[in-house]
Amino acid sequence: MTRYLLVSRSAEYETRLRRLLRARLQTVPGEYLTFGPGEVVDRVTDHPRVALLGPLLSFEETSTLTASLAQEHPGIGVIVVREQRSDLEDWVDGIEIHAVLSPEATDATTEALLDRLDSWLTASGRLPATSDDANEVDDLADLESALDLVDLGGNEATESPTDADAVVAVAEVEPSEPDWVLPPIGDTVRTEVIVVAAPKGGQGKTTTAINLAAGLAEVAPNSVVLVDADVQFGDIANALDLAPQYSLVDVANAGHDEVALKALLTHHDDDFFVIAAPPSPELADEITGEALGEFLARLATMFRYVIVDTTPGLGEHALAALEQATDGVFVTNFTVPSLRALRKEFELLVALQLVPANRHVIVNFVEKNTGLVLKDAEAILGARVDVQVPRSLGVVLASNAGVPLIHHDVRDPAAKAIRGVVLRIDPNAVPTRKRIQRKARAK
Ligand SMILES: Nc1ncnc2c1ncn2[C@@H]1O[C@H](COP(=O)(O)OP(=O)(O)OP(=O)(O)O)[C@@H](O)[C@H]1O
Ligand SMILES: [Mg+2]
């Protein structure tokens, strides 16, 4: 059985590793990556336990290949074979890797690392035991400290002082998946009602909702309605520079005639409809949570996509909207208090059995050097982060111009990230030249 897989662009390293691991190793030339990770994964004949990736693979290649391997061979251990250390932190943060090994590492170090990672994969429950695991150390704590020893270099796991740096990091060695609050996603359902929610104010709900509407309207023109259900202080009309004649209260109370109802909607130039929040906070009392829920269910029969912006927290209206949601888009900023608050929100939604079938976790205002990395955020949240949106001046400029960011500045980094949210919902919503030019002409 081949236990190990090597994907490398160095014939010299391949020869060395083949000599060391013999029949336990399968190799796939890194050149196949030019045609995408699928070309490599298709050539893997067995179920390798550990993949060694490198030398001479780019970050992008390693990242996509790691994701494809993890999908095809769940639980697989990943070692990056790489000399350069200066940008190692980015690699470790950005890719789910278990160890980084120098191509110069001695055979003994290489074997020691492979053995320990292999045993750890069994002990942590990621992979089933193999017959030759029987005599391995099976105490997880021992294994983890063994891996740490390798991590630190100069100790019994390494052979000589020159080898001390050979294994530069054993990263991401966690005993098991963090304890996820959100249960794994089941069969997804067809997206109809997308509710954007956040436990705290000012996290980017409105920005996300507006851009979702603009992006989805590219593929479903005039079949998208954006509902401002931030009933007291909703500001979608302002952010889009619209002067609606009717608000949520008027439209929701307009009765069941579809034509009459559509006549009360505000049309946006980017081919979607808007239902603005009531013009003053006291009017919010004129629509109950229950009425909002019924109204959203009605809109879902009339439009391909209903996008709902909400009040921060889980008040009556937000809960009523979530009850109708096929998709929940949860937004938080990149700070510990907000991440913790969103975790509490998830816990409550799980308890109430109101977690939407499809969900998307967005971390907004992401910045470097805040002392937090993605993994910390996920551990705090108890959920995977699906999209990271960087802090960007472009968001404010678009809002001031009253134009959805993804159409105001296509190249803005936050616009690109938010486009990622749109694509999660409809993969066809790619920004084509024709669409962008049409939008530009319309302005
Ligand atoms: N990634 C970002 N970079 C920079 N500014 C941003 C970003 N996302 C949002 N903003 C700005 O932060 C402010 C709050 O964003 P937004 O109104 O979307 O949040 P919200 O969750 O809807 O807030 P509220 O709870 O008040 O309704 C806005 O001025 C917006 O332009
Ligand atoms: Mg808002």
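Details of the structure are given in the entry above.
Here's what I pulled together on the structure shown here. (Residues numbered from 1 in each chain as written. Chains lettered and ligands numbered in written order. Predicted model: local features only at pLDDT ≥ 70, side-chain atom pairs only at ≥ 80, totals over all residues. Heavy atoms only, no water.)

### A word on the overall build of the chain
Part 1: For the chain, the count of helices and strands is 18 helices and 14 strands.
Part 2: Here the chain holds 443 residues, and 53% of them are scored as buried.
Part 3: Long-range pairs, those at least 24 residues apart, make up 73% of the contacts in the chain between residues at least 6 apart in sequence.
Part 4: Accessible area for the chain stands at about 20200 Å²; split by element, carbon and sulfur atoms hold 50% of it. (Helix = DSSP H or I, 4+ residues; strand = E, 2+ residues; numbered from the N terminus. Buried < 20%, exposed > 50% of the residue type's maximum accessible area, 1.4 Å probe, protein only. Contact = heavy atoms within 4.5 Å. Areas by Shrake-Rupley, 256 points an atom, 1.4 Å probe, with all protein chains shown as cover.)

### Thoughts on the environment of Leu314
Part 1: Tracing the chain through its elements places Leu314 in the loop between β11 (305-310) and α12 (316-324).
Part 2: Sequence separation of Leu314 and Leu349 is 35 residues, and the distance between their C-alpha atoms is 8.9 Å.

### Structural notes on the pairing of strand β12 (residues 327-333)
Part 1: The buried fraction of β12 is high, at 7 of 7 residues.
Part 2: Because side chains alternate across β12, one face comprises the buried residues Asp327, Val329, Val331 and Asn333, and the other comprises Gly328, Phe330 and Thr332, equally buried.
Part 3: Bridge count between strand β7 (residues 193-197) and β12: 4 bridges; the pairing is parallel. By the bridge assignment for β12, Val196 is matched with Val329. (Pairing = 2+ DSSP bridges.)

### Looking at the pattern of salt bridges
When the charged atoms of two side chains with opposite charge come close together, those side chains can pair.
Part 1: Inspection of the entire model under this criterion finds 14 salt bridges.
Part 2: A salt bridge links Glu111 to Arg24; its shortest N-O distance comes to 3.0 Å. On the criterion of sequence distance, the pair formed by Glu111 in helix α5 (residues 107-123) and Arg24 in the loop between α1 (11-21) and β2 (25-29) is long-range, its members being 87 residues apart.
Part 3: The exposure class of Arg24 is partly exposed, given its relative accessible area of 27%.
Part 4: Two residues, Arg419 and Glu218, come together in a salt bridge whose shortest N-O distance is 2.9 Å. You can see Arg419 sitting in helix α17 (residues 413-425) and its partner Glu218 sitting in helix α7 (residues 205-219), a full 201 residues away along the chain. (Salt bridge = Lys/Arg side-chain N within 4 Å of Asp/Glu carboxyl O.)

### Comments concerning helix α11 (residues 289-302)
Part 1: Between its terminal C-alpha atoms α11 stretches 20 Å, which fits the 20 Å expected from 14 residues at 1.5 Å a residue.
Part 2: Residues of α11 that are buried: Gly289, Leu292, Gly293, Phe295, Leu296, Arg298, Leu299, Ala300 and Met302. (Expected span 1.5 Å × (residues − 1).)

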